[in-house]
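Residues per chain are reported as follows:
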Amino acid sequence: WRLPFLVQSFGASQQQAEITADAARLVLAGLRGTTHTLGVPHTVLQVWSESIGAVTRVDVSDPPYWGQADQFTVWITKEP
């Protein structure tokens, strides 16, 4: 299976949004080789980074905030 994910990170500053996105990327990368029970056991074969989004300022609120959206694909296989 290939599971697409969109991971959005937000912060009160540009730096906060980037730090949060970096932490999320590390967590996702760490999933490789792990096994999870989704009804039956599945192993994560790889985590593929499709795109790393730009940090953008969102001015629709007061105060404004910063956000970033990254796209990933997680490849899993069912254990025998």
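Parameters and conventions
Residues numbered from 1 in each chain as written. Predicted model: local features only at pLDDT ≥ 70, side-chain atom pairs only at ≥ 80, totals over all residues. Heavy atoms only, no water. Patch = residues over 30% accessible without salt bridge, like charges linked within 9 Å, V, L, I, M, F, W, Y side chains within 5 Å. Areas by Shrake-Rupley, 256 points an atom, 1.4 Å probe, with all protein chains shown as cover. Salt bridge = Lys/Arg side-chain N within 4 Å of Asp/Glu carboxyl O. Helix = DSSP H or I, 4+ residues; strand = E, 2+ residues; numbered from the N terminus. Buried < 20%, exposed > 50% of the residue type's maximum accessible area, 1.4 Å probe, protein only. Phe/Tyr/Trp six-rings, centres within 6.5 Å; stacked < 30°, edge-to-face > 60°. Lys NZ or Arg CZ within 6 Å of the ring centre and 35° of its normal. Pairing = 2+ DSSP bridges.

*Asks:* Before we move on, can you summarise a nonpolar patch on the surface with the specific residues and values?
*Replies:* On the surface, Trp1, Leu3 and Phe5 cluster together into a nonpolar patch covering about 350 Å² of accessible area. As for its placement among the helices and strands, Leu3 is situated in strand E1 (residues 2-11). With relative accessibility at 31%, the residue Leu3 sits in the partly exposed group.

*Asks:* Tell me about the packing of aromatic side chains, and name the residues and values.
*Replies:* All chains considered together, the criterion is met by one aromatic pair. The side chain of Arg2 reaches across the aromatic face of Trp75, ending 5.4 Å from its centre.

*Asks:* If you had to explain the pairing of strand E5 (residues 65-78) to someone new, which residues and values would you point to?
*Replies:* Along any regular strand the residues' side chains alternate between the sheet's two faces. Relative to E5, E1 runs antiparallel, the two being bridged by 10 bridges. Note on E5: the bridge partner recorded for Leu6 is Gln71. Here strand E3 (residues 40-52) runs beside E5; their pairing, made up of nine bridges, is antiparallel. Its bridge partner being in E5, Val44 is matched across the sheet by Ile76. Where strand E4 (residues 56-58) and E5 come together, three bridges link them in antiparallel fashion. For Val58, the partnering residue across the bridge sits in E5 and is Tyr65. Taken together, E4 and the strand that follows it, E5, pair antiparallel across an intervening segment of six residues.

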